[in-house]
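Next come the chains, spelled out residue by residue.
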Amino acid sequence: MKSFHQFINEGRYPGWIKVVVGGIVVKLHNIGSQLKNETDQHKRDVLLGQQNKLLGIISGLGIGVEYI
C-alpha cells in the first residue's frame, strides 16, 4: 500500500494546483452542507450557482494545466 506522501507526489500537477483544488473542495463541501439545511428556494439557487462556478474552476484548471 502506498503512503500518503507517495500518493501526493506521483501526480504530474504542480503543488499549487493541488493546494488550490483542495481549498475549492473544502468550499464545495461547505456549500453542500448549506444546501441540505436551506429551505428558501432563492438562497438554494444562489448556493447552487456558487457550487457550479467552483466546479467549473476545477475543470478549467484540469484542462489548462494539461497544456502547460
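Above this text you will find the structure in question.
Below: a short report on this structure. (Residues numbered from 1 in each chain as written. Predicted model: local features only at pLDDT ≥ 70, side-chain atom pairs only at ≥ 80, totals over all residues. Heavy atoms only, no water.)

1. Describing the overall build of the protein chain
Turning to step 1, where the next piece is worked out: Broken down by element type, the protein chain carries three helices and zero strands.
Turning to step 2, where the next piece is worked out: Each helix and strand of the protein chain, placed in order from N terminus to C terminus, yields the pattern α-α-α.
Turning to step 3, where the next piece is worked out: Sorting the 68 residues of the protein chain into buried and exposed places 16% on the buried side.
Turning to step 4, where the next piece is worked out: Of the roughly 5500 Å² of accessible surface on the protein chain, 62% is carried by carbon and sulfur atoms. (Helix = DSSP H or I, 4+ residues; strand = E, 2+ residues; numbered from the N terminus. Buried < 20%, exposed > 50% of the residue type's maximum accessible area, 1.4 Å probe, protein only. Areas by Shrake-Rupley, 256 points an atom, 1.4 Å probe, with all protein chains shown as cover.)

2. Overview of helix 2 (residues 15-37)
Turning to step 1, where the next piece is worked out: If you check helix 2, its first and last C-alpha atoms are 34 Å apart, about what 23 residues at 1.5 Å a residue would give, namely 33 Å.
Turning to step 2, where the next piece is worked out: Taken together, the buried positions of helix 2 are occupied by Ile 17, Ile 24, Leu 28, Ile 31, Gly 32 and Leu 35. (Expected span 1.5 Å × (residues − 1).)

3. With respect to the environment of Leu 47
Turning to step 1, where the next piece is worked out: Summarising the element assignment, Leu 47 is placed in helix 3 (residues 41-66).
Turning to step 2, where the next piece is worked out: Spatially, the C-alpha atom of Leu 47 lies 8.3 Å from that of Gly 32, the residues being 15 residues apart in sequence.
Turning to step 3, where the next piece is worked out: Excluding its chain neighbours within four sequence positions, the residues that come into contact with Leu 47 are Ile 31, Gln 34 and Leu 35. (Contact = heavy atoms within 4.5 Å.)

4. Points about the nonpolar core
Turning to step 1, where the next piece is worked out: If you look at the biggest cluster of nonpolar residues, it comprises six residues: Ile 24, Leu 28, Ile 31, Leu 35, Leu 47 and Leu 54.
Turning to step 2, where the next piece is worked out: Put simply, the parts of the chain that give this core at least two residues each are helix 2 and helix 3.
Turning to step 3, where the next piece is worked out: When neighbours within four sequence positions are excluded, Leu 54 is seen to be in contact with Ile 24, Lys 27, Leu 28 and Ile 31. (Core = buried A, V, L, I, M, F, W, Y, C linked by side-chain atoms within 4.5 Å.)

5. A word on the environment of Leu 28
Turning to step 1, where the next piece is worked out: In this structure, Leu 28 sits in helix 2.
Turning to step 2, where the next piece is worked out: On the accessibility criterion, Leu 28 (13% relative accessible area) is buried.
Turning to step 3, where the next piece is worked out: Linking Leu 28 and Lys 53, residues 25 residues apart in sequence, is a C-alpha distance of 10.0 Å.
Turning to step 4, where the next piece is worked out: For Leu 28, the residues in contact, after removing those within four places along its chain, are Gln 51, Leu 54, Leu 55 and Ile 58.

6. Focus: the side chain of Gln 51
Turning to step 1, where the next piece is worked out: Mapped onto the secondary structure, Gln 51 falls in helix 3.
Turning to step 2, where the next piece is worked out: Overall, Gln 51 belongs to the buried group, its relative accessible area being 18%.
Turning to step 3, where the next piece is worked out: Setting aside its immediate chain neighbours within four residues, Gln 51 contacts Leu 28, Ile 31, Gly 32 and Leu 35.

Everything listed here is a matter of coordinates, which is why it stays silent on function.
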